[in-house]
Amino acid sequence: MAYFLGLDSSTQSLSAIVIDTSEGRVVVDESVNFGSELPAYDSPQGVLPSNDPRVRHSDPLMWVEALELLLTRVRERGFNWSKVAGISGAGQQHGSVYLKEPLRDAGRFKSSQSLVDQVRPLLSYPSSPMWMDSSTGEECKEIAAAAGGRERVLKISGSIPIERFTGPQIRKIWKTQPDAYRQTTEIHLVSSFMASLLTGTSAAIDLGDAAGMNLLDLGTGRWNTTLLDATAPGLAAKLQPPIASHTRVGTIAPYFIERFGFRPGVPVIAFTGDNHSSLVGMGAISPGTRLISLGTSDTVFAAMDGPRTDPNGYGHVFGNPAGGFMSLICFTNGSLAREEVSKRFGFDWGKFAAAIQETPTANGGRLLFPFFTSETTPRIPAGVELFGSPDFVAWKEPKEAIRAVVETQALSMRRFSEWIGHPPKQLVLTGGAARNPGILRIVADVFQCPVRTLRVGNASALGGALRAAQAAGGIAWKELFSAFVALDPDVNVQPDPQARLAYEQLARAFDEKLNARLARNV
Ligand code: XUL
């Protein structure tokens, strides 16, 4: 059999891609949107409402229900799940799920009942702190102090203590929900939780995603005792040892065989983080290509030849699921900010694209700090600011505001990715916004670097399918990439040398204003 399934449990949706490796074709490409299709979870953008703007949690049962809905839908559209020979996938990074008991018996989920009803009683804490959460500033300080300082945590784990990372989030649960913490026997990331559902048994966290927890020793690939102790008591017992990303974590559980017609014995390969999976789905597992994913968050990432860390503490080093390391910088206000500005003017994506076409390079010096929610790079509380003409500042120049948000985001990506080293020779973009030619032009001109996109849009779900084909099907990366990862021949945006000067000036203004804002927040 030559069919492999990749899943991507991201912030706003769950997606599935099935590849047919004998024909080199994508045969299923389907998504469930949490906000519009599962309104009962009250999470229009995949996140539960909260009175505190720093607190961001999701309902893990929403992900469970989305899985059932997605598998049902694909089957109803005529695909036969018995064709699938291997499964892997990805989850949004950092989010954690708290279970009362580890899953040991693959047969415990009965196909006569819904999966949601069977998972609900297993949760020791009803919601999952997720990557948009920025409420753990105190916990980060405490962890740094207990572990010998931020620099030491950076050296061990590849990142200073970061609010959204799982370790600080676990510490907060321990401090604020001691009963729930005590009842928890196993903590999962979104990735290992999804894999555990599919196998019916607890899947370990993979080394790639584990690096986003502030708990892993990047050098040894083991949980670090100093960091575990600095985070919460008894934590080691609640985490299985991390595993290499190509590990087979089990086979498909009877529940899915009986309910959806999967073949018994189909291997499930460890799930990883969504950015890690995109690295694979973009065919960039070796150093050389700089990638930008324009999703709910925007991320800039690349495979690395060694674990170099960001001296400013914004960037991260994660495990590369194909071995070695990857760098990553995450900008929380990605699509989130683009959507907010569009909503403000009632613009759809067509009008958004036109606005960029109808406004000039560097926008007469206008800038829009798009921090609709607190930002992680740079670390800054929520607060939107506009700089430019009085009308612009008063939100009376819609087209200019659209261009300004995209230009400011691109300038920020350039400034905060410099530590990766070697200016990129080419940028490959993915994510919904990468279909917008105006955004591609701005990125090419700001970075003064050619910009390409890929033919298959959902790089993270594709990465899951490719990882399944490599690990379960024994197919070489090279073969998989040449069949499935093609640059779009119609998109090759060369930088305009004349834009260089305009953007150098705008970059100086951006740096000045951002430094002033950062100084205010100290
Ligand atoms: C990366 C990060 C986000 C999430 C969302 O560190 O927090 O990119 O993975 O998808």
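Note that the coordinates shown come from a computational prediction; the quantities given were computed from them, not determined experimentally.

Rules of the game
Residues numbered from 1 in each chain as written. Predicted model: local features only at pLDDT ≥ 70, side-chain atom pairs only at ≥ 80, totals over all residues. Heavy atoms only, no water. Helix = DSSP H or I, 4+ residues; strand = E, 2+ residues; numbered from the N terminus. Rg over C-alpha atoms; globule rule 2.2 N^0.38 Å. Buried < 20%, exposed > 50% of the residue type's maximum accessible area, 1.4 Å probe, protein only. Contact = heavy atoms within 4.5 Å. Lys, Arg positive; Asp, Glu negative; His and termini not counted. Charge placed at Lys NZ, Arg CZ, Asp CG, Glu CD. Near = heavy atom within 4 Å. Polar contact = N/O pair within 3.5 Å; in protein donor to acceptor, adjacent residues only side chain to side chain. 1 Å grid on protein atoms, 1.4 Å probe; cavity = no way out; pocket = protein on both sides within 12 Å on 5 of 7 lines; lining within 4 Å. Sits in = over half its atoms within 2 Å of the grid points. Nonpolar A, V, L, I, M, F, W, Y, C, P; charged D, E, K, R; others polar. Salt bridge = Lys/Arg side-chain N within 4 Å of Asp/Glu carboxyl O.

**Student:** How do you make sense of the overall build of the chain when you look at a structure like this?
**Tutor:** Helix and strand counts for the chain stand at 20 helices and 22 strands. Its C-alpha radius of gyration of 22 Å places the chain within 12% of the 24 Å reference for a compact globule of 522 residues. Based on the C-alpha atoms only, the size of the chain along its principal axes is roughly 65 × 55 × 45 Å. Looking at the 522 residues of the chain, the share that counts as buried comes to 62%. Contacts spanning at least 24 positions in sequence make up 74% of the contacts within the chain whose residues lie at least 6 apart. Between the mean site of the 51 positive side-chain charges and the mean site of the 51 negative ones, the chain shows a separation of 2 Å.

**Student:** What should I look at first to understand the site of the ligand in this one?
**Tutor:** Taken together, Gln 93, His 94, Trp 131, Arg 164, Asp 274, Asn 275, Ser 297, Thr 299, Leu 328 and Cys 330 make up the full set of residues adjacent to the ligand. In the environment of the ligand, an oxygen atom lies 2.7 Å from a nitrogen or oxygen atom belonging to the side chain of His 94. At 3.1 Å from an oxygen atom of the ligand is found a side-chain nitrogen or oxygen belonging to Asn 275. Counting atoms within 2 Å of the grid points, the majority share of the ligand lands in the largest pocket. Among the secondary structure elements, those contributing two or more residues to the shell around the ligand are α12 (274-281) and β17 (325-331). Split by residue class, the shell around the ligand holds three nonpolar, five polar and two charged.

**Student:** Help me out: how do you make sense of the side chain of Gln 12 in this one?
**Tutor:** Its location among the elements puts Gln 12 in the loop between β1 (3-9) and β2 (13-20). Gln 12 gets classed as buried once you look at its relative accessible area, which sits at 17%. At 3.2 Å, the side chain of Gln 12 and the side chain of Thr 296 are in polar contact. Beyond its immediate sequence surroundings of up to four residues, Gln 12 is in contact with Val 32, Asn 33, Phe 34, Gly 35, Gln 45, Thr 296 and Glu 339.

**Student:** Looking at this structure, how should I read the pattern of salt bridges?
**Tutor:** Opposite charge on two side chains permits them to pair, given that their charged atoms come into close proximity. For the coordinates displayed, the defined rule picks out 23 salt bridges. Note that Arg 403 and Glu 407 form a salt bridge whose closest N and O atoms lie 2.7 Å from each other. Of this pair, Arg 403 and Glu 407 both sit in helix α16 (residues 398-416), four residues apart, roughly one helical turn. By the burial criterion, Arg 403 is buried, and Glu 407 matches it. Among the charged side chains, a salt-bridge network with shared partners connects Glu 139, Glu 142, Arg 171 and Lys 175.

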